[in-house]
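Structure at a glance
Here is how the chains run, residue by residue.
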Amino acid sequence: MTELKTGGAQGYLRIATEEAFITQGVLDAYMRLVAEGFDDPGFASLWGFYSSSPSARGVQIRDGLLSLGTKRLADMDAAGIDKGIIALTAPGTHVFQADEAKALTTDANDQLAEACRAHPDRFVGMTAIAPADPAWSAREIQRGADLGFKAVILNGHVNGEYTDHEKYFPIFEAAEALGTPIYLHPQGPSKGLIAPLLERGLDGAVYGFGVDTGLHLLRLIVTGVFDRFPNLKLIVGHGGEALPYWSYRLDYMHAAGVRSNRYEFLKPLKLGAISAYLKTNVFVTFSGMAFPPAIRFCKEVLGMERIMYAMDYPYQYEPDEVSAQDDMELSPEDKRAFFQTNAERIFNL
């Protein structure tokens, strides 16, 4: 169990479970791809802005991502965050060819491990991977566990390909074997999905991230990934990327599709309903979703034991949101589970 540090006066620690960082090496590589005109509209939209924008928001995001020390700790203290669970920001190294991806990933994991050793009471790491080489990524998951990391970060699709394809299964096999949860994090929507979102400025965190990540998770479920890896734990942010809200209709229409034989590849699931996997294999954080009605809804639909607090630092650093969630209409026991004990259990802190 975690000892009370900066907070705790309210009766629980605040553990933020989806906090981002970047290395200078990854940032420089992103800037190179932007300059080269890398053919990925989602990446270009996101990092064409954040990699070099002189705007106050661009500078704030870069400074926060690059800090694994004084600035991050000061911001945590100002918001009352006791511990941050930190991962390489989206799209991680998913946009690079395998050799470069592996080198950048190794360095990012080494730098994060050093920061966690320097601040063991405040920082917890997630293992970055290079899905362009799934077998290597499986070995890196083991190395990350040896470094003390408590989860794996999967930053969405891999150059437009979703990880329900069997070639990515070594990643899931390694995580399941270690009991290490995988955090499925958004990046810019894939090229096949992004066009109508991008033309109205809806491709990013405002909507497109959730659409793409929700789609990714649904593909994993209906393809049978959790039937093949029944003990795999997967975490999604932002209130579950809307899937809990849609769960009734997802179950109804998926069952109708299976019965109709409309798609030859669509087969019955071992647990029957899509929502069964949301309640068995999936955990939800509320990164960027300081919205008590949604939190209470997910509690009712998924169970109090499956939801956790997150801030989404530095992309949504709003200290007032922390106190707003402290004031939610939840019992003291449920607030402690939301802010602290669920994260301790799920991440094995």
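This structure is a prediction, so every number in the text was calculated from the model and none was measured.

A closer look at the overall build of the protein chain
What the protein chain contains, in helices and strands, is 15 helices and 8 strands. For 349 residues, the compact-globule estimate of 2.2 N^0.38 gives 20 Å, and the protein chain sits close to it at 19 Å. Referenced to the eigenvectors of the C-alpha coordinate spread, the extents of the protein chain come out at roughly 55 × 55 × 40 Å. For the protein chain, with 349 residues in total, the buried portion stands at 57%. Total accessible area computed for the protein chain in this model is approximately 14600 Å², and 53% of it derives from carbon and sulfur atoms.

Thoughts on a nonpolar patch on the surface
A cluster of nonpolar side chains, Leu202, Val206 and Tyr207, forms an exposed patch at the surface whose accessible area comes to about 300 Å². Topologically, tyrosine 207 is positioned in the loop between helix H8 (191–198) and helix H9 (208–223).

Observations concerning helix H6 (residues 134–146)
Taking 1.5 Å as the rise per residue, H6 with 13 residues should run 18 Å; its terminal C-alpha atoms sit 19 Å apart, in good agreement. Taken as a whole, H6 has its buried residues at Pro134, Trp136, Ser137, Ala138, Glu140, Ile141 and Gly144. In the core, the buried residues of H6 are packed alongside helix H5 (98–118), strand S3 (123–128), strand S4 (151–154) and helix H7 (169–178). Within two residues after H6, glycine 148 carries a phi angle of roughly 100 degrees, on the positive side.

Observations concerning the environment of phenylalanine 297
Mapped onto the fold, phenylalanine 297 is located in helix H13 (residues 292–302). Judged by its relative accessible area of 31%, phenylalanine 297 falls in the partly exposed class. Considered as a pair, phenylalanine 297 and tyrosine 245 are 52 residues apart in the sequence and their alpha carbons are 8.1 Å apart. Not counting residues up to four positions away in its chain, the partners in contact with phenylalanine 297 are Pro244 and Tyr245.

Quick look at H5
The terminal C-alpha atoms of H5 lie 30 Å apart, and with 21 residues this matches the ideal 30 Å at 1.5 Å per residue to within 8%. Here H5 has its buried residues at Ala101, Lys102, Leu104, Thr105, Ala108, Asn109, Leu112, Ala113, Ala115 and Cys116. Here the buried face of H5 lies against strand S1 (15–21), helix H1 (24–36), strand S2 (83–88), S3 and H6.

Describing the packing of aromatic side chains
In total, this model carries 19 aromatic pairs according to the counting rule given. Between phenylalanine 49 and tyrosine 50, the aromatic rings sit 5.0 Å apart at their centres with planes inclined by 70 degrees, giving edge-to-face as the arrangement. On the basis of relative accessible area, phenylalanine 49 is assigned to the partly exposed category, the value being 33%. When the centroid spacing of 6.3 Å and the interplanar angle of 35 degrees are considered together, the rings of phenylalanine 226 and tyrosine 277 count as tilted. One end of the pair, phenylalanine 226, is in helix H10 (residues 225–228); the other, tyrosine 277, is in helix H12 (residues 274–278), and 51 residues separate them in sequence. Of the residues examined, phenylalanine 226 reaches a relative accessible area of 2% and is grouped as buried. Each member of the aromatic cluster is reached from another via a ring pair, and the members are Tyr30, Phe38, Phe43, Trp47, Phe49, Tyr50, Phe96 and Tyr315. The aromatic ring of phenylalanine 283 is capped on one face by arginine 306, whose charged end is 4.2 Å from the ring centroid.

Focus: the nonpolar core
With 103 residues, the main nonpolar core has Trp47, Phe172, Leu217 and Phe338 as its most contacted residues. When residues in this core are grouped by element, the largest group, 7 residues, is from H5. Contact partners of phenylalanine 338, with chain neighbours within four places excluded, come to Phe286, Ile295, Met304, Ile307, Met308, Tyr309, Gln325 and Met328.

Focus on the sheet that holds strand S8 (residues 307–308)
The strand order S1-S2-S3-S4-S5-S6-S7-S8 describes an open sheet built from 8 strands, whose pairing is parallel. Every interior strand has two partners, whereas the edge strands, S1 and S8, have only one. With 3 bridges connecting them, S4 and strand S5 (residues 182–184) associate as parallel partners. Opposite isoleucine 153, over in S5, you have tyrosine 183 as the bridge partner. Across the face of the sheet, H6 comes into contact with S3 and S4 while running at roughly 165 degrees to S3.

A word on the environment of asparagine 231
Considering the arrangement of structural elements, one finds asparagine 231 in the loop between H10 and strand S6 (234–236). When the C-alpha positions of asparagine 231 and aspartate 164 are compared, they lie 16 Å apart, and in sequence the two are 67 residues distant. Beyond its immediate sequence surroundings of up to four residues, asparagine 231 is in contact with Glu176 and Asn281.

Some details on the packing of helix H11 (residues 243–260) against H13
The axes of two packed helices give the description: the angle between them and the distance between them. Interaxial distance between H11 and H13 falls to 9 Å at its minimum, and their mutual angle equals 45 degrees. Relative to H13, the element H11 is oriented oblique. Residues Pro244, Tyr245 and Ser247 of H11 touch H13, and the partners they reach there are Phe297, Cys298, Val301 and Leu302. Of the residues belonging to the contact of H11 with H13, the class tally is 6 nonpolar, 1 polar and no charged.

Examining the side chain of aspartate 40
Tracing the chain through its elements places aspartate 40 in the loop between H1 and helix H2 (41–50). Among buried Asp, Glu, Lys and Arg side chains, aspartate 40 stands out as unpaired, with lysine 191 the closest opposite charge at 7.4 Å. From its side chain, aspartate 40 meets the backbone nitrogen of glycine 42 in a polar contact 3.0 Å long. From its side chain, aspartate 40 meets the backbone nitrogen of phenylalanine 43 in a polar contact 3.1 Å long. In contact with aspartate 40, not counting residues within four places along its chain, are Val95, His157 and Lys191.

Thresholds applied
- Residues numbered from 1 in each chain as written.
- Predicted model: local features only at pLDDT ≥ 70, side-chain atom pairs only at ≥ 80, totals over all residues.
- Heavy atoms only, no water.
- Helix = DSSP H or I, 4+ residues; strand = E, 2+ residues; numbered from the N terminus.
- Rg over C-alpha atoms; globule rule 2.2 N^0.38 Å.
- Buried < 20%, exposed > 50% of the residue type's maximum accessible area, 1.4 Å probe, protein only.
- Areas by Shrake-Rupley, 256 points an atom, 1.4 Å probe, with all protein chains shown as cover.
- Patch = residues over 30% accessible without salt bridge, like charges linked within 9 Å, V, L, I, M, F, W, Y side chains within 5 Å.
- Salt bridge = Lys/Arg side-chain N within 4 Å of Asp/Glu carboxyl O.
- Expected span 1.5 Å × (residues − 1).
- Contact = heavy atoms within 4.5 Å.
- Phe/Tyr/Trp six-rings, centres within 6.5 Å; stacked < 30°, edge-to-face > 60°.
- Lys NZ or Arg CZ within 6 Å of the ring centre and 35° of its normal.
- Core = buried A, V, L, I, M, F, W, Y, C linked by side-chain atoms within 4.5 Å.
- Pairing = 2+ DSSP bridges.
- Axes fitted to C-alpha atoms, helices over the stretch in contact; angles between N-to-C directions.
- Parallel < 35°, antiparallel > 145°, perpendicular 65-115°, else oblique.
- Nonpolar A, V, L, I, M, F, W, Y, C, P; charged D, E, K, R; others polar.
- Lys, Arg positive; Asp, Glu negative; His and termini not counted.
- Polar contact = N/O pair within 3.5 Å; in protein donor to acceptor, adjacent residues only side chain to side chain.

None of the figures reported here should be taken as evidence of function without further support.
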